Amino acid sequence: MTAPTTENPSKSELQAQVVQTLQAVLPSDNVLWSAEQTAPYECDGLTAYCQRPLAVALPSNQAQIRAVLQNCHRLGVPVVARGAGTGLSGGAMPHERGVTLSLAKFNRILSIDPLARTAVVECGVRNLAISEAAAAHGLYYAPDPSSQIACTIGGNVAENSGGVHCLKYGLTLHNVLKVKGFTASGEPVEFGSAAPDAPGYELLALVTGSEGMLAVITEVTVRLLPKPQLARCVLASFADVRQAGDAVAAVIAAGIIPAGMEMMDKPMTAAVEDFVHAGYDLDAAAILLIESDGTPEEVEEEIGRITQVLNASGATRIAVSQTEAERLRFWSGRKNAFPASGRISPDYMCMDSTIPRRRLADMLLAIQRMEQTYGLRCCNVFHAGDGNLHPLILFDASDPEQLRRCEQFGADILETSVAIGGTVTGEHGVGVEKLNSMCVQFSAAENEQMFGIKHAFDPAGLLNPGKVIPTAHRCAEYGKMLVRGGRLPHPELERF
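Scoring rules and cut-offs
Residues numbered from 1 in each chain as written. Predicted model: local features only at pLDDT ≥ 70, side-chain atom pairs only at ≥ 80, totals over all residues. Heavy atoms only, no water. Axes fitted to C-alpha atoms, helices over the stretch in contact; angles between N-to-C directions. Helix = DSSP H or I, 4+ residues; strand = E, 2+ residues; numbered from the N terminus. Parallel < 35°, antiparallel > 145°, perpendicular 65-115°, else oblique. Contact = heavy atoms within 4.5 Å. Nonpolar A, V, L, I, M, F, W, Y, C, P; charged D, E, K, R; others polar. Disulfide = S-S within 2.5 Å. Buried < 20%, exposed > 50% of the residue type's maximum accessible area, 1.4 Å probe, protein only. pLDDT = per-residue confidence, 0-100. Polar contact = N/O pair within 3.5 Å; in protein donor to acceptor, adjacent residues only side chain to side chain. 1 Å grid on protein atoms, 1.4 Å probe; cavity = no way out; pocket = protein on both sides within 12 Å on 5 of 7 lines; lining within 4 Å. Points joined across faces, edges and corners; volume = space filled by probe spheres on them. Pairing = 2+ DSSP bridges. Expected span 1.5 Å × (residues − 1). Salt bridge = Lys/Arg side-chain N within 4 Å of Asp/Glu carboxyl O.

Remarks on the packing of helix 9 (residues 266-276) against helix 12 (residues 337-344)
Turning to step 1, where the next piece is worked out: Closest axis-to-axis distance for the helix 9/helix 12 pair is 9 Å, and the angle between their directions is 90°. Relative to helix 12, the element helix 9 lies roughly perpendicular. For the pair helix 9 and helix 12, the contacting residues are Met268, Ala271, Val272, Asp274 and Phe275 in the first and Ala337, Pro339, Ala340, Ser341, Arg343 and Ile344 in the second.
Turning to step 2, where the next piece is worked out: Looking at the contact of helix 9 with helix 12, its residues break down into 8 nonpolar, 1 polar and 2 charged.

Laid out in structure tokens, this is it:
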């Protein structure tokens, strides 16, 4: 292949060269480059920010992935790996002078070992498909993001996704044993092991949640669990959000670790009830969904303890599922919170921060005040058991002023989360959405350390550049913006 004719080719010149290079290693119909072809790839689930790539590569085998990476590395062209595009932080938004590497064709379940309770799957396998394939062996894959019918395991690893059952069974990190992939230069890499331990440094935890910055994930070995004999769900109503928040802390303080514990406020409850008719109490200020699973005896005993705690915490109504159909109906509202919000607003921005459980009510009340400040509605659903918040800010992206206020609203939520002892992300990642908020949480020295890790894996900085880690310059500009806007910068910003 020929090198660029100029040191800084124009975008059209670079696109022509990239397309020619990709067509040399992929079938021509597996290289998309026209505006019409690349439009579906211009964003992920965060639709507020869009950018079309020079080209989209759709390899169908490992050799083709490696060839794409090697050639892009040689040309100095950025690469953004993409799974199903269900991410909510702009992590898969393309680079305007780069290639989007779609891994949609890697959708095979390679093996299931019922004795070892493991499955080896390609990166493009849907989350739910793993459990469907393992069901014949009485097994399932525990992490269950709300998008599990569509999201892929490669994306789950990249974002360290959770789900409603992560309280008891852990995040993706706790359920993945080994990951294979390629570096930016096309070098094969492997992290973790199917054995209880792996030689060398423990890098699996580093790659899990690295948002496509360190390696392109192609194959994942996951841990499977025996399907519980029984699962029942408690649906509890509260007349006050503080009582509901305190009830979450009280359940954990009682030594109970439910399979899942979710919280929804009144606006969210109304939105989902109109959509799926889950049987929620529309008069409640907040509802809790708490699931217990295990043997029938374990579930009976745990449900009894949970209801005692909820009654003592001021629950106004408690219902316990009596059948599997009823349990699924209770959960249907929570699982459909995002599409339900889409029915009542042209657009929504889903935030993702994590706070101490005891501050749930404080956060909800703060968000209610922010609704007045920014003139926008917000529906709230929380992974209450581990303090992971998902406020959905409702707005109209076609109105630039509403988008601006939405961005400020989201930044305020994240800054408040940090101020009360939390973090700016739980499971959706930083992407482009939370770059400014990373300035609030991490110092310039800490960001440089993260850049150092990035450099160790990707010296040329070609994998998903411009995301996740903010530069010192960006943080300084963000601090100035807060001052100009009349908002006092967070104390952590004062050093820039």
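Comments concerning the state of the cysteines
Simply put, disulfide is the name for a covalent bond between the sulfur atoms of two cysteines.
Turning to step 1, where the next piece is worked out: Under the defined criterion, the tally for this structure stands at 1 disulfide.
Turning to step 2, where the next piece is worked out: The residue that forms a disulfide with Cys439 is Cys475, at a sulfur-sulfur distance of 2.2 Å. Classification of the bridge connecting Cys439 and Cys475 rests on its S-S torsion, roughly -85°, and on that basis the disulfide is left-handed. You can see Cys439 sitting in helix 15 (residues 435-441) and its partner Cys475 sitting in helix 17 (residues 472-484), a full 36 residues away along the chain.
Turning to step 3, where the next piece is worked out: Residue Cys439 is classed as buried on the basis of its relative accessible area of 0%.

A few points about the environment of Val207
Turning to step 1, where the next piece is worked out: Tracing the backbone through its elements, the reader meets Val207 in helix 7 (residues 204-207).
Turning to step 2, where the next piece is worked out: Among the residues examined, Val207 registers a relative accessible area of 1% and is labelled buried.
Turning to step 3, where the next piece is worked out: A sequence separation of 15 residues divides Val207 from Gly192, and the C-alpha atoms of the two residues are 9.9 Å apart.
Turning to step 4, where the next piece is worked out: Look past the residues within four positions of Val207 in its chain and what remains in contact with it is Val157, Phe191 and Ile217.

Some thoughts on the confidence of the model for the chain
Low pLDDT means the predicted atomic positions in that stretch should not be read closely.
Turning to step 1, where the next piece is worked out: Overall, the predicted model of the chain reaches an average pLDDT of 94, with 96% of residues at or above 70.
Turning to step 2, where the next piece is worked out: Predicted confidence is poor over residues 1-5, with pLDDT under 50, and the contacts of this stretch with residues over four places away or in other chains come to 10 contacts.
Turning to step 3, where the next piece is worked out: Across residues 491-496, confidence stays below pLDDT 50; counting only partners more than four residues off in sequence or on other chains, it has 17 contacts.

Section: the side chain of Thr208
Turning to step 1, where the next piece is worked out: For Thr208, the position within the fold is in the loop between helix 7 and strand 10 (216-223).
Turning to step 2, where the next piece is worked out: Of note is the side chain of Thr208, whose polar atom sits 2.9 Å from the backbone oxygen of Leu204.
Turning to step 3, where the next piece is worked out: What Thr208 contacts, discounting residues up to four positions off in sequence, is Val157, Asn160 and Leu173.

Brief notes about the layout of surface pockets
Turning to step 1, where the next piece is worked out: A volume near 530 Å³ is recorded for the second largest pocket.
Turning to step 2, where the next piece is worked out: Around the second largest pocket sit 26 residues that line it, and Gly209, Ser210, Glu211, Met450 and Val468 are the ones nearest its centre.
Turning to step 3, where the next piece is worked out: Sorting the residues of the lining of the second largest pocket by element identifies helix 7, helix 15 and helix 16 (444-457) as the ones contributing at least two each.
Turning to step 4, where the next piece is worked out: Of all the elements, helix 16 adds the most residues to the lining of the second largest pocket, at 3 residues.

A look at helix 4 (residues 127-134)
Turning to step 1, where the next piece is worked out: Taken as a whole, helix 4 has its buried residues at Asn127, Ala129, Ile130, Ser131 and Ala134.
Turning to step 2, where the next piece is worked out: Contacts made by the buried residues of helix 4 are with strand 5 (109-113), strand 6 (118-122), strand 7 (139-140), helix 5 (153-159) and strand 10.

Observations concerning the sheet that holds strand 5
Turning to step 1, where the next piece is worked out: Spatial strand order, 5-6-10-8-9: 5 strands in an open sheet with antiparallel pairing. Taken across any chain shown, the strands that pair with only one partner, and hence form the sheet edges, are strand 5 and strand 9 (188-192). The average angle at which neighbouring strand axes cross in this sheet is 10°, direction not considered.
Turning to step 2, where the next piece is worked out: As defined by bridge partners, strand 6 adjoins strand 10 across 5 bridges and the pair is classed as antiparallel. Among the inter-strand pairings, Thr118 is bridged to a residue of strand 10, identified as Arg223.

Here we look at the sheet that holds strand 4 (residues 99-102)
Turning to step 1, where the next piece is worked out: Reading across from one edge, 1-2-4-3 is the order of the 4 strands in this open sheet, with mixed pairing throughout. Two strands close off the open sheet at either side, each with one partner strand: strand 1 (31-32) and strand 3 (79-82).
Turning to step 2, where the next piece is worked out: Across 2 bridges, strand 1 lies against strand 2 (residues 55-57) in antiparallel orientation. Its bridge partner being in strand 2, Val31 is matched across the sheet by Ala57.
Turning to step 3, where the next piece is worked out: Its contacts with the sheet put helix 1 (residues 11-23) on strand 1, strand 2 and strand 4, and the angle it makes with strand 2 is roughly 15°.
Turning to step 4, where the next piece is worked out: Running over the sheet, helix 3 (residues 62-75) touches strand 2, strand 3 and strand 4 and is turned about 165° from strand 4.

Quick notes on helix 11 (residues 324-335)
Turning to step 1, where the next piece is worked out: Across its 12 residues, helix 11 extends 16 Å between first and last C-alpha, which sits within 8% of the 16 Å expected from 1.5 Å per residue.
Turning to step 2, where the next piece is worked out: The set of residues buried in helix 11 consists of Arg327, Phe330, Trp331, Ser332, Gly333 and Arg334.

Some points on the pattern of salt bridges
Turning to step 1, where the next piece is worked out: The tally for this structure, following the rule as stated, stands at 23 salt bridges.
Turning to step 2, where the next piece is worked out: Of the charged contacts in the structure, one is a salt bridge between Glu132 and Arg126, with a shortest N-O distance of 3.5 Å.
Turning to step 3, where the next piece is worked out: Residue Glu132 is classed as partly exposed on the basis of its relative accessible area of 48%.
Turning to step 4, where the next piece is worked out: Residue classification places Arg126 among the partly exposed residues on the basis of a relative accessible area of 30%.
Turning to step 5, where the next piece is worked out: Here Glu300 ties to Arg232 by a salt bridge, and the two come within 3.3 Å at their closest N and O atoms. In this pair, Glu300 sits in helix 10 (residues 296-312) while Arg232 sits in strand 12 (residues 230-238), placing the two residues 68 residues apart along the sequence.
Turning to step 6, where the next piece is worked out: A relative accessible area of 52% means that Glu300 is categorised as exposed.
Turning to step 7, where the next piece is worked out: Among the ionic contacts, a cluster of salt bridges with common partners joins Arg242, Arg359 and Asp362.

Thoughts on unusual backbone geometry
Turning to step 1, where the next piece is worked out: Positive phi outside glycine occurs at Arg117, with the angle close to 60°.
Turning to step 2, where the next piece is worked out: Tracing the backbone through its elements, the reader meets Arg117 in the loop between strand 5 and strand 6.
Turning to step 3, where the next piece is worked out: Owing to a relative accessible area of 41%, Arg117 belongs among the partly exposed residues under this scheme.

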